[in-house]
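# Coordinates in review
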Amino acid sequence: MRQMLNIALPKGRLGERAYGLLKTSGYGCPALEDPGRRLIFEDLQAMVRYFWVKPSDVAIYVERGAADLGIVGKDILLEYEPEVYELLDLGMGKCRMAVAGKKDFRDPVGKTLKVATKFPNITRSFYAGKCRDIDIIQLNGSIELAPILGLSHVIVDIVETGATLRENDLQVFEEVVPISARLIANVASFQFKDDAINDLCAKLRAQTEGML
Ligand code: PRP
């Protein structure tokens, strides 16, 4: 008997695109296309159960087994290092993590560099690799404000189109790491639902091959 797969989707544009990919791979769920205020959607033909969660929470659901599979940005995997299997690069949600600041920024050599970010672990290991002494200022959003208001020298943040930086007279100085969406699996589910997971993974891989 085929096993039901529980899949955590990140709320928002990336999750909608990822669902589009799952649908064309044979994992459509009509109930999800007319959601109302419901949170869980099931399709007994495709044997999938989807739920929308906050993008930064997807890895928690998967790590703890509330979901067998999830779609998550590589930024979240690098920042939180959850114990999950990373199965596939979906080739969507592409952006980069970068160091950015005011155009006239000059590194205050010999002084501690103040860095504002939502990603303290990624930032810490990036600057540790350069042996640069930093002071991390952890914010939860609108990171670009920090160098403008003198709260930090630079930021480490996601740059997608570059519009937020451009419109605020900021620029990228260095790339930290390229980011894209990944399919992840719970460790135990990967063992006990291996047929269903491998099947889904192969179908998604066939769809995404041209996107990487
Ligand atoms: C992200 C990121 C940048 C912006 C980059 O913010 O933190 O602010 O998107 O996109 P762009 O290069 O296309 O302009 P998000 O929209 O997640 O909001 P936030 O300010 O709450 O972090």
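Basis of the calculations
- Residues numbered from 1 in each chain as written.
- Predicted model: local features only at pLDDT ≥ 70, side-chain atom pairs only at ≥ 80, totals over all residues.
- Heavy atoms only, no water.
- Helix = DSSP H or I, 4+ residues; strand = E, 2+ residues; numbered from the N terminus.
- Phe/Tyr/Trp six-rings, centres within 6.5 Å; stacked < 30°, edge-to-face > 60°.
- Buried < 20%, exposed > 50% of the residue type's maximum accessible area, 1.4 Å probe, protein only.
- Near = heavy atom within 4 Å.
- Polar contact = N/O pair within 3.5 Å; in protein donor to acceptor, adjacent residues only side chain to side chain.
- Areas by Shrake-Rupley, 256 points an atom, 1.4 Å probe, with all protein chains shown as cover.
- Salt bridge = Lys/Arg side-chain N within 4 Å of Asp/Glu carboxyl O.

## Things to note about unusual backbone geometry
Here Met47, not a glycine, exhibits a phi torsion of approximately 60°, which is positive. Along the chain, Met47 turns up in the loop between strand E2 (40-43) and strand E3 (48-53).

## Digging into the packing of aromatic side chains
Summed over the entire model, instances satisfying the criterion amount to 5 aromatic pairs. Judged by centre distance (5.1 Å) and plane angle (80°), the ring pair of Phe126 and Tyr127 falls under edge-to-face. The class of Phe126 is buried, set by a relative accessible area of 16%.

## What to know about the site of the ligand
Close to the ligand lie Lys118, Gly141, Ser142, Glu144, Asp157, Ile158, Val159, Glu160, Thr161, Gly162, Ala163 and Thr164. Contact distances for the ligand include 2.7 Å between an oxygen atom and a side-chain N or O atom of Asp157. Contact between the ligand and Gly162: an oxygen atom at 2.7 Å from a main-chain N or O atom of the residue. Its free accessible area being 490 Å², the ligand has 65% of it covered by the protein chains. The set of elements that each furnish at least two residues to the shell around the ligand consists of strand E9 (154-159) and helix H6 (163-167).

## What to know about the pattern of salt bridges
Evaluated as defined, the whole model comprises 11 salt bridges. One salt bridge connects Arg13 with Glu160, and the closest N-O pair in it is separated by 3.7 Å. Highlighted residues: Arg13 in helix H1 (residues 13-27) and Glu160 in the loop between E9 and H6, separated in sequence by 147 residues. The partner of Arg182 in a salt bridge is Asp89, with the nearest N and O atoms 3.7 Å apart. Of the two residues, Arg182 is situated in strand E11 (residues 181-185) and Asp89 in strand E5 (residues 85-89); the sequence distance between them amounts to 93 residues. Here Arg182 falls in the buried class, since its relative accessible area comes to 12%. Taken together, the shared-partner salt bridges in this structure form one network comprising Lys74, Glu86, Asp89 and Arg182.

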